[in-house]
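Each chain, letter by letter, is given below.
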Amino acid sequence: MIAPAKPDLVTVNIDGQEIAVPKGTNVIEAARLVNVDVPHYCYHPKLSVVGNCRMCLIEMGMPAVDPATKAPIMDPATGKQKINWIPRPQIGCGTNVSPGLHVKTTSPMVKDAREGVMEFLLINHPLDCPICDQAGECKLQEQATGYGRGYSRFVEQKNVKPKRTQLGPRVTLDDERCILCSRCIRFSKEIAQDDVLGFVDRGSYSTLTCYPGKKLENNYSLNTVDICPVGALTSTDFRFKMRVWFLKQTNAIDTESSVGANTLVWSREGTIYRITPRRNDEVNDTWLADSARVLYKAVKAADRLAATETIEVLVARAAALFKSTPGAIAVVGSARSTVEEQFFTRHLATALKASAQLVSRVGQGDKLLISADRNPNVRGALVTGLIKTLPAQQLTDLAAQIDAGKIKVVVAINEDLAAAGLTAAQLAKVSIVYLGAHANATSAAAKVVFPTLTVFEKSGTYVNQQFRIQKTLKAVPAAAGATDDLVVLAQLVAAAGGAALPAELGLLWKVIAAEVPALATMTFANLPETGLVLDATPYAALPFVEGETLHYKPAQPAVAAATA
Amino acid sequence: MNLKPETLSKIDEVITHYPTKRSATLPLLHLIQEDVGHLPPDTSEWVAAKLELQPINVLEVITFYPMFRQKPIGRRHIKVCRTLSCALLGGYKTCAAFEKEFHTHLGEVSPDGEVTVDFVECLASCGTAPVVMIDDELHEKVDCAKAKQLSDQIKAEAKKR
Ligand code: SF4
Ligand code: FES
Ligand code: FES
């Protein structure tokens, strides 16, 4: 017998390669570890296993033992233990590894089985790839190429089913393309907890449908589009817009809450077409909220700010304001800024001898991928030392100081002061230097406005609720007339008499590593794609607002509740 | 959903027969169909609430079984067997005879409201083909003449009402 390498590992043999895998792994996942592809449709690593598509058929066998003595039976030809192969194919998704399991994925039986399954799946399939949005990322297309027989023997009439059902506000269904894998049904039931999808008229006319009178409209509905292995479920927003193979993929972070779900931004020639989830088993698994997928619309929004003067002129004007009112300057930073920007904000506040404050945003958590803290980077501000305590939702202190005439200049970075509780009169009483991407009451009242970038136009890092620092990368070039926040902040720091800081991330991270002990060993370049968890203990006493979400449990729910 | 008190008590009783409520889906649907004659549109929601399921779970079951009817049928249900033995011995003709007698088509309610004729799979009496079931009663060796006789009988009873 093959002895397991560790008690919780089992050694299996896949196409002749031995590998030790954890107990409970199925054959598809075990094969993945030795780079063997077991084609599959219904199996999804984050959903229950149902075994209904039969695409993952494999041949398997177990080492032979003598039934009476349990002694291994050796094969005299090879000198190894004989393998008893099961004479029928088995499904890989529903077969968990057991010690000594042998698997063949390339045998004639497996090839036959795959061809047979593909043939049946294609019988009623419309074969409309030329007009199908899924083309290029379709498992059916890929596996028909890889494992299909290449020509059709079907001479009968194909089934006709509904071609464009609106399942909900964001998802369109083409029932003819559906291969009845049930992934979307299981997702809705198991993850979104909104069990509205199902198969009716089971048999030759099985049809995926939403319960009559209900809609697939939960905030996770677009995940069904992601996991649909074919082009049956399509995003109403993205449908017919662009061929996926033309799109460039950029790793990014969802900034709508402190969960920090990992995303892929799909763009072409400076235009973003869609946002999809990027798998991170410690943060968002393979899921993403629908609301996170429309954030890119901010890039081309009608209210984008654009500069009418050069940045030098603007900086000079800000510098004049700084000089005219020493000691009466306040800095309002943002928990929506990146770690790097917050680091610069701290430098700016120090150089201006001003105190820095942030604005908190609190909403209802959805227990999945949107947390109660709607700022993506409160913890970044703590780690960089920009703030010591958690921010408040209203700038009450600042309002009082303005009223008392103690503050004459406010530098607002990415925050609308009016939304944070300052009145129009208070805004009029001070000189405002505003940095932001979009117009609002503050930019309208500001003396100096620096148009800056949306998250999709810049690179940087965010620290999520788990104190996981994660990287987001620039997907599209900066809009005309907008300048990178870091460039603006670096010049403002210099204008305020602070140290010269590099706006280029590689150089900047050397400075950050030197000044921020928690980030001392980090560089931007080698931050892993799945992020890096920082030490949270220094902040254990703070009353964070988040409740439980996927892969996150608040450390001290009692404290949070008491102070809420 | 307007069910008779007996049906309601049978429903509550039958739920207790199963370790999980979900398992009572089929018996409940049968009871409702017996009571109402078919499964009205709000069945899925009513059963789902009763069994702590979602309506789609029940609808999947209803649409799977041809014996669950989602539309009203005639006063009597004539089921003519269409499977091999019956087909060889004239089942198709028998079926056509019933359709003609009641001026109706398969699956529809006859204009007089008396019957619905269905062409169904094997009724497990292949030795006496062709066979027909009228409601719960089995009729054997039903050729066209016997079909006419059975139809006349139904019409006569209808007149008496
Ligand atoms: S719509 Fe897509 S995900 Fe849903 S059952 Fe059909 S093929 Fe599977
Ligand atoms: S993936 Fe195994 S049966 Fe579908
Ligand atoms: S074939 Fe008609 S009863 Fe069996």
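Residues numbered from 1 in each chain as written. Chains lettered and ligands numbered in written order. Predicted model: local features only at pLDDT ≥ 70, side-chain atom pairs only at ≥ 80, totals over all residues. Heavy atoms only, no water.

Looking at the domain arrangement of chain A
Residue and element names in this part refer to chain A.
Link 1 in the chain: With domains assigned, chain A is organised as domain 1 (9-106), domain 2 (125-242) and domain 3 (311-537).
Link 2 in the chain: In this assembly, 13 residues from domain 1 lie in contact with 15 residues from domain 2.
Link 3 in the chain: Between domain 1 and domain 2, the buried area comes to about 1200 Å², and carbon and sulfur atoms account for 53% of it.
Link 4 in the chain: Summed over the three residues of domain 1 that lose the most area to domain 2, namely Tyr41, His44 and Leu47, the buried surface amounts to 50% of that side.
Link 5 in the chain: Taken together, the links from domain 1 to domain 2 amount to 0 salt bridges.
Link 6 in the chain: One can count 9 residue pairs in polar contact (both at pLDDT 80 or more) joining domain 1 with domain 2.
Link 7 in the chain: Considered class by class, the residues forming the side of domain 1 that touches domain 2 number 7 nonpolar, 4 polar and 2 charged. (Domains from an automatic or database assignment. Contact = heavy atoms within 4.5 Å. Buried area = accessible area lost by both parts, 1.4 Å probe. Salt bridge = Lys/Arg side-chain N within 4 Å of Asp/Glu carboxyl O. Polar contact = N/O pair within 3.5 Å; in protein donor to acceptor, adjacent residues only side chain to side chain. Nonpolar A, V, L, I, M, F, W, Y, C, P; charged D, E, K, R; others polar.)

Considerations on the site of ligand 1
Link 1 in the chain: Near ligand 1, the surroundings consist of 14 residues, among which Cys178, Cys181, Ser182, Cys184 and Cys228 of chain A are the closest.
Link 2 in the chain: Assessed atom by atom at 2 Å from the grid points, ligand 1 resides in the largest cavity. (Near = heavy atom within 4 Å. 1 Å grid on protein atoms, 1.4 Å probe; cavity = no way out; pocket = protein on both sides within 12 Å on 5 of 7 lines; lining within 4 Å. Sits in = over half its atoms within 2 Å of the grid points.)

A look at the packing of aromatic side chains
The way to describe two aromatic rings as a pair is by their centre distance and the angle between their planes.
All names here are of chain A.
Link 1 in the chain: On inspection of all chains with the given rule, the structure shows 8 aromatic pairs over all chains.
Link 2 in the chain: Ring centres of tryptophan 245 and phenylalanine 246 lie 6.1 Å apart, and the angle between their planes is 55°; on these two criteria the pair is classed as tilted.
Link 3 in the chain: Residue phenylalanine 246 is classed as partly exposed on the basis of its relative accessible area, which comes to 42%.
Link 4 in the chain: Cluster of aromatic residues (ring-pair linked, three or more members): Phe467, Tyr539 and Phe544. (Phe/Tyr/Trp six-rings, centres within 6.5 Å; stacked < 30°, edge-to-face > 60°. Buried < 20%, exposed > 50% of the residue type's maximum accessible area, 1.4 Å probe, protein only.)

Comments concerning unusual backbone geometry
Link 1 in the chain: Of the consecutive residues alanine 129 of chain B and proline 130 of chain B, the connecting peptide bond is found in the cis state with omega at -10°.
Link 2 in the chain: Residue position: proline 130 of chain B is located in the loop between strand 2 (115-120) and strand 3 (132-134).
Link 3 in the chain: Despite not being glycine, lysine 367 of chain A shows a phi value in the positive range, around 70°.
Link 4 in the chain: With respect to the helices and strands, the residue lysine 367 of chain A is situated in the loop between strand 16 (356-357) and helix 8 (378-383).
Link 5 in the chain: With a phi close to 60°, asparagine 414 of chain A is a non-glycine residue in the positive phi region.
Link 6 in the chain: In this fold, asparagine 414 of chain A is placed in the loop between strand 17 (409-413) and helix 10 (424-429). (Helix = DSSP H or I, 4+ residues; strand = E, 2+ residues; numbered from the N terminus.)

Overview of empty space enclosed by the protein
Residue and element names in this part refer to chain A.
Link 1 in the chain: Under the definition given, this model contains 3 cavities of 30 Å³ or more.
Link 2 in the chain: The volume enclosed by the largest cavity comes to roughly 70 Å³.
Link 3 in the chain: Taken together, 13 residues make up the lining of the largest cavity; nearest its centre are Cys178, Cys181, Cys184, Cys228 and Ala232.
Link 4 in the chain: Counted by class, the lining of the largest cavity contains 11 nonpolar, 1 polar and 1 charged residues.
Link 5 in the chain: Here the second largest cavity is characterised by a volume of approximately 50 Å³.
Link 6 in the chain: Looking at the second largest cavity, the residues that line it are His125, Asp128, Cys129, Cys132, Ala135, Cys138, Gln141, Arg177 and Gly231.
Link 7 in the chain: In terms of residue class, the lining of the second largest cavity is built from 4 nonpolar, 3 polar and 2 charged. (Points joined across faces, edges and corners; volume = space filled by probe spheres on them.)

Looking at a nonpolar patch on the surface
Link 1 in the chain: Residues Leu26, Phe64 and Tyr65 of chain B make up a contiguous nonpolar surface patch of about 250 Å² in total accessible area.
Link 2 in the chain: Counting through the fold element by element, tyrosine 65 of chain B comes out in the loop between helix 4 (55-64) and strand 1 (76-81). (Patch = residues over 30% accessible without salt bridge, like charges linked within 9 Å, V, L, I, M, F, W, Y side chains within 5 Å. Areas by Shrake-Rupley, 256 points an atom, 1.4 Å probe, with all protein chains shown as cover.)

Observations regarding the pattern of salt bridges
Residues and elements named next belong to chain A.
Link 1 in the chain: Within the structure shown, the criterion is met by 38 salt bridges over all chains.
Link 2 in the chain: The shortest N-O distance in the salt bridge between glutamate 137 and arginine 274 comes to 2.9 Å. In this pair, glutamate 137 is assigned in the loop between helix 2 (108-123) and helix 3 (139-147) and arginine 274 in strand 14 (residues 271-277), connecting sequence segments 137 residues apart.
Link 3 in the chain: According to the relative accessible area criterion, glutamate 137 is partly exposed, its value standing at 28%.
Link 4 in the chain: Each of Asp128, Lys163, Asp174, Glu176 and Arg177 takes part in salt bridges that share partners, so that together they form one network.

Looking at helix 1 (residues 5-15) of chain B
Residue and element names in this part refer to chain B.
Link 1 in the chain: Looking only at helix 1, the buried set comprises Thr7, Ile11, Val14 and Ile15. The arc enclosing the buried residues of helix 1, seen along the axis, measures out at 100°, which places them on a common side.
Link 2 in the chain: If you follow the buried residues of helix 1, they end up packed against helix 2 (25-36) and helix 3 (43-51). (Arc of directions from axis to C-beta.)

Observations regarding helix 3 of chain B
Residue and element names in this part refer to chain B.
Link 1 in the chain: What helix 3 keeps buried is the set Thr43, Ser44, Val47, Ala48 and Leu51. Projected onto a plane normal to the axis of helix 3, the buried residues spread over an arc of 120° and lie on a single side.
Link 2 in the chain: Buried residues along helix 3 sit in contact with helix 1, helix 2 and helix 4.
Link 3 in the chain: Directly beyond the C-terminal end of helix 3, a positive phi value near 55° is found at glutamate 52.

Details of the packing of helix 1 of chain B against helix 2 of chain B
Residues and elements named next belong to chain B.
Link 1 in the chain: Look at helix 1 against helix 2: their axes get within 10 Å of each other, and the N-to-C directions meet at 170°. With respect to each other, helix 1 and helix 2 are oriented roughly antiparallel. Contacts between helix 1 and helix 2 involve Thr7, Lys10, Ile11, Val14 and Ile15 from the first element and Pro27, Leu28, Leu31, Ile32 and Asp35 from the second.
Link 2 in the chain: Each residue belonging to the contact of helix 1 with helix 2 can be placed in one class, and the counts come to 7 nonpolar, 1 polar and 2 charged. (Axes fitted to C-alpha atoms, helices over the stretch in contact; angles between N-to-C directions. Parallel < 35°, antiparallel > 145°, perpendicular 65-115°, else oblique.)

Comments concerning the nonpolar core
Residue and element names in this part refer to chain A.
Link 1 in the chain: In terms of nonpolar packing, the biggest core is built from 55 residues, with Phe322, Val411, Phe450 and Leu519 touching the most fellow members.
Link 2 in the chain: Among all residues touching valine 411, those that are not within four sequence positions of it are Phe322, Ile329, Ala330, Val331, Val332, Leu348, Leu352, Val433 and Leu435.
Link 3 in the chain: Counting 52 residues, the second largest nonpolar core, distinct from the first, contains Ile14, Val36, Cys93 and Leu208. (Core = buried A, V, L, I, M, F, W, Y, C linked by side-chain atoms within 4.5 Å.)

Topic: the domain arrangement of chain B
Link 1 in the chain: Domains assigned within chain B are domain 1 (5-64) and domain 2 (76-160).
Link 2 in the chain: Placing a centre on the C-alpha atoms of domain 1 of chain B and another on those of domain 2 of chain B gives a separation of 29 Å.

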